[in-house]
Amino acid sequence: MSRRVVLYVANSLDGYIAREDGSVDWLFDPYAHGYEFFYEDVDTVIMGRKTYDQALSFEEAPYSSKRAIIFSRTAKPSPYAGLEYTTEPPQDVVRKLKEEDGGMIWLVGGREISELLIANELVDELIVSIHPKILISGIPLVASKDCAVDLKLVTYEVFKSGLVQLRYEIVKKAKDAQAAETMSQGEKEFKSKALKAE
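Predicted model only: the values in this text are computed from it and were never measured.

Caption draft 1: Structural context of the sheet that holds strand β9 (residues 150-158). A sheet is described by the order of its strands in space; here eight strands give the open sequence β5-β4-β3-β6-β1-β7-β10-β9, paired in mixed fashion. Looking at the sheet topology across the chains shown, the edges are occupied by β5 (83-86) and β9. Recorded for the sheet is a direction-independent mean angle of 25° between the axes of neighbouring strands. Relative to β5, strand β4 (residues 67-71) is paired through four bridges, and the arrangement is parallel. Paired with F71 across the two strands is T86, which belongs to β5.

As structure tokens, then:
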């Protein structure tokens, strides 16, 4: 079975994942909103270089307990075992990861990487923690027209802080096309039987 890629992200009520300068000083404490339970199930984290650099401002070795892959335009040596920088196209790396043995893959960000992987139908779930904050401007969750997808609500949780966490399955176009083909074949068989009955 293919490994699942999950985009787990925080959002303002008006759809931004960060301020225009990339800062996230408006975020609530993630450990008070189920982050540790999600992180336990994560096997591999993937993200862009800017996102990782921002994580470094919070702690010295973020994600050190997991396998971490950082997408970068320039090759860099690994600062510790388990973390690797790659210049390979993100979609190629993720396709390989999904076929390997292992657990859940957390797509941390940033926006460009997320857009690319969503557009290539490589993201399976979206978990968004909507904060009761309006930023007016900032970096949106997605902006590319290629990321227009349908979502199926799996579950949700409301916290006392006012944060609402929504978990969606991303409906794949390929699955829709296959379902439509299956339905079309079924309709043909039904019509064929009906004609024979007449």
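Resuming the write-up.
Caption draft 2: Focus on the nonpolar core. Counting 24 residues, the largest nonpolar core has L7, I46, L107, L117 and V123 as its most contacted members. Listed by contribution, the elements that provide at least two residues to this core are β1 (5-12), β4, α3 (90-99), β6 (104-109), α4 (111-119), β7 (125-131) and β10 (164-171). Not counting chain neighbours up to four residues away, the residues in contact with L117 comprise I46, P90, Q91, V94, L107, L122 and V123. In terms of nonpolar packing, the next biggest core, distinct from the first, is built from 20 residues, V6, V42, V45 and Y85 among them.

Definitions and cut-offs
- Residues numbered from 1 in each chain as written.
- Predicted model: local features only at pLDDT ≥ 70, side-chain atom pairs only at ≥ 80, totals over all residues.
- Heavy atoms only, no water.
- Pairing = 2+ DSSP bridges.
- Helix = DSSP H or I, 4+ residues; strand = E, 2+ residues; numbered from the N terminus.
- Axes fitted to C-alpha atoms, helices over the stretch in contact; angles between N-to-C directions.
- Core = buried A, V, L, I, M, F, W, Y, C linked by side-chain atoms within 4.5 Å.
- Buried < 20%, exposed > 50% of the residue type's maximum accessible area, 1.4 Å probe, protein only.
- Contact = heavy atoms within 4.5 Å.

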